[in-house]
Amino acid sequence: MVTPTRFPLFTRNAIACALLPVLLAMPAPAWLPGASVARAQPAGLPDLGESSADELSPRLERRLGEAIMAQSLNDPDYIDDPDISQYLNTMASNLSAHAPSDTQQIHVFPVRDASVNAFAMPGGFIGINAGLVVAAQSESELAGVMAHEIGHVVQRHVARGLVQQKQTSVIMVAALLAALVAARGNSQAPEAAMAFGQAAAIDAQLGFSREAEREADRTGFQMLSASGYDVNGMATFFGRLMALSSVNERTSTSFTRTHPLSIERMSDMQNRARSLSTGAPTPPSPPDFYFVRAKLRVLQAASGQDTIDAIRFLESRAMEATTGIEKAAAYYGVGVGYLRRRDYTKAQEAYDNATSGARDHVMLAGLAIDIAMAQGNADKALALSRAARERWPQQISLAYDYADALQRTGRHSDAVTFLNEQISRYPDQPRFRQMLATSYGGLQQPVAERRAMAEFYSRTGAMSAAVELLTQARGLSKDFYEQSQIDAQLRELQRRVKEENDMLKRFKS
């Protein structure tokens, strides 16, 4: 498993929440059924056998991962960008569909971190640092890293690695317990910050054996080949990182420091790539890869100067681009950068350069909508988003843009209808519920507003806020049937809170 060496708030939250119940004396999990090869173990972990299959089942591991993600959605290091998330998760879905054994649903999320790294969390959740995507030179290279991480999930290496922390000191356990308690009430509490430092120290101890890493490589290669990606992508990317690290230890990446690449392992990758290669010419990366990479180069910026540097780099890349799509993607990134700096004139110029020659892409359409909205032209944004949705009806970001434009033009009734349709279509997108609450507020429907916002909170881990809003809605409602519905929602929330508390007590006992 690859874990970040820099510990932003998002990662510290994730590690603390993930390790706590395991540290409180979790036995080793059994492997998923149906695997054709014996699983490798994390380095230094004794063989505890398969007697503990019920202690960390895939279902329970998934619940832990979901709890971590719910706590982390509002973290500034979490990149909440529908275009990037949809691209990464489409890739993950394509790869995991060809996993050699049944696996949990994979969810990939982007992290605002310029270091070249990726990491897997409990339950099939995989974080991809922006810096890793920026460093990839082709989509197959990115797919190679993702396939390797999915390989760890398929083989359940994450769960086995967490079991090691059973050996950790009681002091660290107590600190992490304080972190969880603080985070559930107030993620900015001093106790949480102190314990996250302890979590970082524990995280540094996680590591997998060479056999586990080779196992993830093998599984990744199988998925890459079956999914139609260039199987040379993994070896090429890892080889470039290894070469960079060998030149100067100071230039080594987070990936190579936390994920050692031996000559033996590289040879194995290269041999496996040669054996699986069809000899056909390497297909070019699709346009989506270049647009997502350009956007992440800007979004990874940690300061205003970083944003300026990203803009300058992309302007240079646009001038040097050898293909029209690479030029368009570079100018798109320039437009995103200027938009972040609120220089709307230059953002529009970049958009015009990107679309010259009748070049078109869904993310360019989104940029045009964002510029119009930033300039206060909601009517134009509405027209643009309506036209874009007709062209790309499957793009989630355009659904957000269209709903936003409806709200900004005062069409809250239409927005409610549209948002309810999107909630049915994309139940895993909590922000649609937050927007629905806004429109109910605009229509002076306080009960519906609070119920929608309570649903948003419950799906993002803020259970106490959800209960409070539902209680308010219950007091405001004068309709018996509606009151009964709210009572049922409250009972369900209370059941979930109790279930979560019982789970923590179980691990603590």
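Heads up: the structure comes first, above all this text.
Note that the structure is a prediction, hence the values are computed from the model and not measured.

**Here's the deal with the packing of helix α15 (residues 324-340) against helix α17 (residues 362-374)**
The geometry of α15 relative to α17 is characterised by a closest axis approach of 11 Å and an angle of 20 degrees between their N-to-C directions. Taken together, α15 and α17 sit at an angle that is classed as roughly parallel. The hand of the α15/α17 crossing is left-handed. On α17, the residues touching Y332, G335, V336 and L339 of α15 are M363, L364, L367, D370, I371 and A374. Considering only residue class, the contact of α15 with α17 consists of eight nonpolar, one polar and one charged.

**Here's the deal with the pairing of strand β1 (residues 107-111)**
Burial of β1 is extensive: four of the five residues sit out of reach of the surface. Both β1 and strand β3 (residues 125-129) contribute to a ladder of five bridges, which runs parallel. Note that in β3 the partner of F109 across the bridge is G127.

**Considerations on unusual backbone geometry**
Within the chain, R342 stands out as a residue other than glycine whose phi angle is a positive 65 degrees. Tracing the chain through its elements places R342 in the loop between α15 and α16 (344-355). Residue classification places R342 among the exposed positions, given a relative accessible area of 68%. At Q444, a position not held by glycine, the phi torsion is positive, near 60 degrees. For Q444, a relative accessible area of 65% corresponds to the exposed category.

**Digging into the pairing of strand β2 (residues 118-121)**
Of the two faces of β2, the one holding A118 and A120 and the one holding F119 and M121 are both buried throughout. Connecting the antiparallel pair β2 and β3 is a turn made up of three residues, with G123 showing a positive phi of about 85 degrees.

**A few points about the environment of A378**
Structurally, the position occupied by A378 is in helix α18 (residues 378-391). Residue classification places A378 among the buried residues on the basis of a relative accessible area of 14%. In this structure, the C-alpha to C-alpha distance between A378 and L406, residues 28 residues apart in sequence, is 8.3 Å. Beyond its immediate chain neighbours, meaning those up to four positions away, A378 contacts M373, A405, R408 and T409.

**What about the environment of I106?**
You can see I106 is positioned in the loop between α3 (82-96) and β1. I106 gets classed as buried once you look at its relative accessible area, which sits at 9%. For the pair I106 and L95, spaced 11 residues apart in sequence, the C-alpha to C-alpha distance is 9.7 Å. Not counting the four nearest positions on each side in its chain, I106 is found in contact with N89, A92, S96, G124, I126, I150 and V153.

**Focus: the nonpolar core**
With 110 residues, the main nonpolar core has L95 and I150 as its most contacted residues. Here this core gets 10 residues from one element, more than from any other, and that element is α17. When sequence neighbours within four positions are dropped, the list of residues in contact with L95 reads A143, M146, A147, I150, M223, L224, S227 and Y229. Counting residues in hydrophobic clusters, the runner-up holds eight residues, among them M69, F119, M121 and F125.

Calculation rules
Residues numbered from 1 in each chain as written. Predicted model: local features only at pLDDT ≥ 70, side-chain atom pairs only at ≥ 80, totals over all residues. Heavy atoms only, no water. Axes fitted to C-alpha atoms, helices over the stretch in contact; angles between N-to-C directions. Helix = DSSP H or I, 4+ residues; strand = E, 2+ residues; numbered from the N terminus. Parallel < 35°, antiparallel > 145°, perpendicular 65-115°, else oblique. Left-handed = near helix turned anticlockwise from the far one by under 90°. Contact = heavy atoms within 4.5 Å. Nonpolar A, V, L, I, M, F, W, Y, C, P; charged D, E, K, R; others polar. Buried < 20%, exposed > 50% of the residue type's maximum accessible area, 1.4 Å probe, protein only. Pairing = 2+ DSSP bridges. Core = buried A, V, L, I, M, F, W, Y, C linked by side-chain atoms within 4.5 Å.

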